[in-house]
Amino acid sequence: MLMVGWAARIQKLIDRIGRDLTHRAFTKSGPAYNPVLTPVNATVRGAVFDFAADEIDGTIIQQYDKVMWVAVSGTPISRVDKMVDGTTEYSIVSLEEVTPGDTELLYIIHARA
């Protein structure tokens, strides 16, 4: 029950400091040797931050990379998906799902345009 309370608090925090983002997943159709990828967009709520200057090393973390905290919604996010903030589409460099016990709280995403 404690984690359910934390999930509500995290959702409230992301609602307060965040904005709507687009989670772009892809479905495959057609033959395996030449699949057709169709984007499937879902609106999620997330907070977007810059990395601290001392974290940017030019290789693992580059100058315009972002950290996104995304509230867990119905659609799971995977590394092959994209995140869209405004008109900028970001690839997911790394993805961490914060899940203490059985309660999914949020995704922490390292994103690159």
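What you see is a predicted model, and the numbers here were worked out from it, not measured in a lab.

1. Some details on the pattern of salt bridges
Stage number 1. Applying the stated criterion across every chain yields a total of six salt bridges.
Stage number 2. Salt-bridge contacts for R45 lead to D15; the nearest nitrogen and oxygen are separated by 3.8 Å. Of this pair, R45 sits in strand 2 (residues 36-50) while D15 sits in helix 1 (residues 2-17), and the two are 30 residues apart along the sequence.
Stage number 3. The salt bridge involving R19 is made with D85; its shortest N-O contact spans 2.7 Å.

2. Considering the nonpolar core
Stage number 1. One finds L21, M68, V70, I77, M83, Y107 and I109 to be the most contacted residues of the largest nonpolar core, which totals 13 residues.
Stage number 2. Counting only elements with at least two residues in this core, the list comes to strand 2, strand 3 (66-71), strand 5 (88-98) and strand 6 (106-112).
Stage number 3. Element by element, the count of residues in this core is highest for strand 6, at three residues.
Stage number 4. The residues contacting M68, other than those within four sequence positions of it, are L21, A47, V48, M83, Y90, Y107, I108, I109 and A111.
Stage number 5. I10, A71, L105 and L106 belong to the second largest nonpolar core, which has five residues in total.

3. Quick look at a nonpolar patch on the surface
Stage number 1. A cluster of nonpolar side chains, L13, I17, F49 and W69, forms an exposed patch at the surface whose accessible area comes to about 320 Å².
Stage number 2. Looking at the secondary structure, you find L13 in helix 1.
Stage number 3. Judged by relative accessible area, which is 34%, L13 ranks as partly exposed.

4. Here we look at the environment of F26
Stage number 1. By the element assignment, F26 lies in strand 1 (residues 19-29).
Stage number 2. The sequence separation of F26 and I10 amounts to 16 residues, and the corresponding C-alpha distance is 27 Å.
Stage number 3. The residues contacting F26, other than those within four sequence positions of it, are L37, T38, P39, V80, D81 and K82.

5. Thoughts on the confidence of the model for the protein
Stage number 1. When pLDDT is averaged along the protein, the result is 92, and 96% of the positions lie at 70 or above.
Stage number 2. The weakest mean pLDDT in the protein belongs to helix 1 at 82; the strongest belongs to strand 4 (residues 82-85) at 98.

6. Let's talk about the side chain of H23
Stage number 1. Here H23 shows up in strand 1.
Stage number 2. At 2.7 Å, the side chain of H23 forms a polar contact with the side chain of D81.
Stage number 3. Excluding residues within four positions of it along the chain, H23 makes contact with V40, N41, A42, V44, T75, P76, I77, D81, K82 and M83.

7. Regarding the sheet that holds strand 3
Stage number 1. Read once around its circumference, the closed barrel built from six strands follows the order 1-2-3-6-5-4, with strand pairing classed as antiparallel. The mean inter-strand angle of the sheet, taken between neighbouring strand axes irrespective of direction, is 45°.
Stage number 2. Alignment of strand 4 against strand 5, held across four bridges, turns out to be antiparallel. Note on strand 5: the bridge partner recorded for D85 is T88.

Reading guide: rules and limits
- Residues numbered from 1 in each chain as written.
- Predicted model: local features only at pLDDT ≥ 70, side-chain atom pairs only at ≥ 80, totals over all residues.
- Heavy atoms only, no water.
- Salt bridge = Lys/Arg side-chain N within 4 Å of Asp/Glu carboxyl O.
- Helix = DSSP H or I, 4+ residues; strand = E, 2+ residues; numbered from the N terminus.
- Core = buried A, V, L, I, M, F, W, Y, C linked by side-chain atoms within 4.5 Å.
- Buried < 20%, exposed > 50% of the residue type's maximum accessible area, 1.4 Å probe, protein only.
- Contact = heavy atoms within 4.5 Å.
- Patch = residues over 30% accessible without salt bridge, like charges linked within 9 Å, V, L, I, M, F, W, Y side chains within 5 Å.
- Areas by Shrake-Rupley, 256 points an atom, 1.4 Å probe, with all protein chains shown as cover.
- pLDDT = per-residue confidence, 0-100.
- Polar contact = N/O pair within 3.5 Å; in protein donor to acceptor, adjacent residues only side chain to side chain.
- Pairing = 2+ DSSP bridges.
- Axes fitted to C-alpha atoms, helices over the stretch in contact; angles between N-to-C directions.

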